[in-house]
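Chain and residue survey
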Amino acid sequence: MDSILIQLLNGLDKGAAYALIALGLTLVFGTLGVVNFAHGALFLMGAFCAVTFQKILTISKKVLDPSITYFDAYIEQPYLELWFGETGLAVIDWAVPLSIIVTIPTMLLIGLAMERGLIRHFYKRTHAEQILVTFGLAIVLQEIIRHFFGANPIPTPAPDIVSGSAAIGTWIGLGENFVYPWWRLIYLASATVIISSVFAFLHLTTFGMVVRAGMFDRQMVAFLGINVQRKFTIIFGLAAVVAGVAGAMYAPIVPPDYHMGMDFLVISFVIVVVGGMGSVRGAVAAGFLLGILQSLASMTVVSSLLPGIDQIIIYLVAVIILLTRPRGLMGRKGIGE
Amino acid sequence: MMNSIKQQLMNLFKKQSDLTTILLFAAGVLTMPIWLDPIGANYPDLLQKFVIFGIFAVGYNILFGLTGYLSFGHAVFLGVGSYTAVWSFKLFTMNVLPAMLFATLISGLIAAAIGFVSMRRSGIYFSILTLAFAQMFYNLAYSVLIPITNGETGLQLRMHDIRIIDNYFSDPAPGLPSTELFGMSMNGYSGFYFCAVVLILAFYVAMKIFRSPFGMKLKAIKSNQHRMRYTGSDTRPYLITAFIISGMFAGLAGALLAVTDPLAGAERMQWTASGEVILMTILGGVGTLFGPLLGVGIIKYLENIFSTINESVLQQFFSFLPQWGENFMVAIVSPFVGDGWHLTLGILFMIIIIFLPGGLMEGFQKIKKRYLTKGVKDSESTTKQE
Amino acid sequence: MSKPVLKISNVNKSFGGLQALRDINLEIEKGKVHAIIGPNGAGKSTLLNVCVGLLKPDSGSVTFNGGINVIGKSPHEINQMGLARVFQTPEIFPDLSLLENVMIPAFSKRDGAFHLQLFRSLASETKITQEAKEVLASVGMEAKADEIAGSLSRGDKRRLELAMCLIQHPDLLLLDEPTAGMARHDTNKTIELLKKIKEGGMTKIIIEHDMHVVFSVADTISVLAQGAIIATGTPDEIRGNPIVQEAYLGGAEL
């Protein structure tokens, strides 16, 4: 029972990350009509925003280690600590949550630049060309990251206070053994907040209404004399921010390395297709669904029954859904065929 | 004078008959060690890569070039081909022919299965389906299929492999055996020449397909599938056939990779490897006969050059500059070479798709047209002056 | 009376609450040009789509060439039966040359729905190439045989599509508004062409708005209004039919 609950939480967690990436991907596809294979790279850039921020905070000076007296030993001490003492250390400890403040504007800029510089010129090109050019961009971005940060994963810990586990078991009366990492709970909660705000934005604001109308029938909206182009640029920026924040927050869960973007890209594409290309609700639902399925499939009970199922469950589900429901769970006819 | 040059050019570009094309092609491929020597590409490893990936790309082009269906799963067939070939070496014989036969057949079977399912959808859905299958194979190769694939170590030859056929005729020699074709070793140049012959055959098959009613029907499907159905052709079997053929080409290429180096690893099946063959095909020119080969040549050659350059080579290269200039240039160029080859590749990829989606062959056509029409204008103006 | 090429019996079709076709009975005679006219929304396109098996009627039957069921068949099966179609917006192969555009339907006709001939050389297909050139000539486009079809004008695309159907010598040719969106000059050219084909004795169904076209080429005319056929007859009969004038022509003199 505990293990199922744990896996369910794991699945929700994974699903949250999937949903956040897929959300932007499907939003961009539904509005701009662009298949963006560089979307995984946005997630990657977000994660490395957190890494960079942490690295900047911990820029250190070599100082003599006072505890070693019989020869000159140096240790690295962050300037922040030298200048502000305890407060400085606390800031470093909180690097990941604080990095969100930097991640949002950075990702917005990256997103706008990407849309203006490249994506915009591919609206009218074929999906195949869109896929290929953004695939090229994804490679370029990931290789730039590798050039600056190397090929190894970079540990980016969460703040001390939430690095432990929450005793969920004792809260709900399932015993002390049932614990779950705090940061993952925070991730899940933040993802819920982000997803809800995107939905609120799309459904409660005029801007969102126009965007949804544009997703439904772009020409119609253009006929109404609304400057759809500008709105689409903003949508792309928004998608970049969502993916970036998802990446930054994910850094403490799995230490980021340069190819995490590609890893997530394939899965999130599968999710978008399962949810239905261009359907925001479908993407979120499919993200959580596949995240949970993947986690449940990795339980020993399941994998002893069907060896290897945890490795392929997502793709298997995608194949089955695509064959039985060609437009995905909530897709509309004629998109992307 | 002008006119005769023009005439010659025209003749050169005119569609050759099947026989002339294949003879010219064969001559070109077999003399590669000679004409690639000046640019420093004349060594067996690289030559083998040229021809093997040439087969891969020529086959991929039959699917993508003729039907327009963008598969992200073709690296699977490359991998399957390699694994099958190595197993044939381990179980039966070191002779390469059975290995190639098995590899082609088995990858054809798997292509039939994947194609049968994936071809139920078109557009991005097709691409995603092939991508999903590729990921499944890749992930399985590292988990439940480890008995077949040997996981991360990769499948290798071993001393105690049974090799039924070889061991039946002669006692195993000491040391690891090497691949052979009736006694001819497949290392070095002989390996290259063998692969080159296979490429020539493969190219011949592709050319025949391109210039057959079947090929024309595939082009029609690419152009307007809806019309094709109302014209009385059932498009699905045509598409599946194209998928299987291109899968078999990939399997054959995978087998040759194992022939020249009997080792198979799952990284060959990664979807980014499928991306590479797409790039090579596009760079040269999708849907043209020679384009994909040109693309393979350029990418593999650049890969070879770029990835071997390191900082000291760069310093030597820029040593004519003053010290600060040398440092500056080395700092600028070094991210793009060595490990940074992939960065260059990505940039190249983008440039091609942005500026030359029709590939180099289209670029040549444009230049040719411009030159030829200019030639006509020139001759017109000279006539006027006269 | 000879056997009808296409027989539509008691066909009903509704979309939601809207009855698009009610109790349609039609027999298309061999060698005749049968025009179906009617105001917008009368159900012409629905009827056509039922004829080619694209839409499944709620009830009734559509049979071809003496009893072969059409309903539920896929497009290529319909075509292989001997039924070719010209679409309202030209459907051609825009990336191929005109000659290739016309050769492909000929291949489909010869090879059936699927035929694997990987190594047959195109150069050896002299018969079909020749035939394609002749058909192109018959629609007056032989000079453009090597051009890429996508660059043609709309009217030329139409004619090309017609040529693509003609080379198959179908038992029945369906034309969906063959002159829609054409300039007068092009329309006249098309009428001439249709008349010429008519002499060849090909059975045709034409759906058309342009009365000029209809009365120039049709042997029989059926008038569709609100999903039902209100009259069928020769052009003269239709012209003189008061019900038709009332329902469709608004009483205007023809």
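Structural data are supplied above this passage.
Counting of residues starts from 1 at the beginning of each chain's written sequence and follows it residue by residue. Each chain takes a letter, starting from A, and each ligand takes a number, starting from 1, following the order in which they are written. For this predicted model, a pLDDT threshold of at least 70 governs which residues receive local features, and a threshold of 80 or more governs which side-chain atom pairs are given and counted, while totals over whole chains, interfaces and linings are taken from all residues.

What follows concerns the overall build of chain A. Counting its secondary structure elements, chain A contains 15 helices and four strands. Every radius of gyration here is taken over C-alpha atoms, with the globule rule written as 2.2 Å times N^0.38, N being the number of residues. Against the globule reference of 20 Å for 337 residues, chain A gives a C-alpha radius of gyration of 22 Å, in line with a compact fold. Expressed as lengths along the three principal axes of its C-alpha atoms, the size of chain A is roughly 80 × 50 × 35 Å. With C-beta atoms placed from the backbone, the exposure class of a residue follows from how many other C-beta atoms lie within 10 Å of its own: 20 or more, buried; 12 or fewer, exposed; in between, partly exposed. When burial is assessed residue by residue, chain A has 46% of its 337 residues classed as buried. Sequence separation of 24 or more characterises 74% of the internal contacts of chain A that already satisfy a separation of 6 or more. Per the convention used, a helix needs a DSSP run of H or I reaching at least four residues, while a strand needs a run of E reaching at least two, with both numbered from the N terminus. What counts as a contact is two residues whose backbone-derived C-beta atoms lie within 7 Å of each other.

What follows deals with the interface of chain C and chain B. In this complex, chain C contributes 28 residues to the contact, which on the side of chain B involves 24 residues. Counting only elements with at least two residues in the side of chain C that touches chain B, the list comes to helix 2 (75-81) and helix 3 (98-111) of chain C. Polarity classes work like this: nonpolar for Ala, Val, Leu, Ile, Met, Phe, Trp, Tyr, Cys and Pro, charged for Asp, Glu, Lys and Arg, and polar for all others, with Gly in that last group. When the residues that make up the side of chain C that touches chain B are grouped by side-chain class, the tally is 15 nonpolar, six polar and seven charged.

Now for unusual backbone geometry. Phi at Arg163 of chain B takes a positive value of approximately 45 degrees, unusual for a residue other than glycine. Relative to the helices and strands, Arg163 of chain B is located in the loop between strand 1 (155-156) and helix 9 (164-169). You will see that Asn10 of chain C, though not glycine, has its phi angle at about 50 degrees, which is positive. Tracing the sequence through the fold places Asn10 of chain C in strand 1 (residues 4-15).

With that settled, consider the interface of chain B and chain A. Contacts between chain B and chain A engage 36 residues on the former and 34 residues on the latter. Counting only elements with at least two residues in the side of chain B that touches chain A, the list comes to helix 7 (123-141), helix 14 (271-284) and helix 18 (341-355) of chain B. Counting residues per element, the side of chain B that touches chain A draws most heavily on helix 7 of chain B, at 12 residues. Residues belonging to the side of chain B that touches chain A are distributed by class as follows: 23 nonpolar, 11 polar and two charged.

In this section: the packing of helix 2 (residues 39-57) of chain A against helix 6 (residues 127-149) of chain A. All names here are of chain A. For helices, the fitted line uses only the C-alpha atoms of the stretch in contact; every axis is such a line through C-alpha atoms, and the angle between N-to-C directions lies from 0 to 180 degrees. The geometry of helix 2 relative to helix 6 is characterised by a closest axis approach of 9 Å and an angle of 20 degrees between their N-to-C directions. Judged by the angle between their axes, helix 2 and helix 6 are roughly parallel. Handedness of the helix 2/helix 6 crossing: left-handed. Between helix 2 and helix 6, the contacting residues are Gly40, Ala41, Leu44, Met45, Phe48 and Val51 on the first element and Leu137, Ala138, Leu141, Gln142, Ile145 and Phe149 on the second. Should an angle fall under 35 degrees it is taken as roughly parallel, and over 145 as roughly antiparallel, whereas 65 to 115 is taken as roughly perpendicular and any remaining angle as oblique. Crossing chirality is assigned from the near helix's rotation relative to the far helix, an anticlockwise turn below a right angle marking it left-handed and a clockwise turn marking it right-handed.

Take the sheet that holds strand 1 of chain C next. All names here are of chain C. A pair of strands counts as paired when DSSP detects no fewer than two bridges linking them. With respect to topology, four strands assemble into an open sheet ordered 2-1-4-5, the strand pairing being antiparallel. Edge positions in the sheet fall to strand 2 (18-29) and strand 5 (68-69), since each of these pairs with one other strand and no more. Bridge analysis of strand 1 against strand 4 (residues 59-64) gives five bridges, and the strand direction is antiparallel. Residue pairing across strands places Lys7 opposite Thr63, the latter belonging to strand 4.

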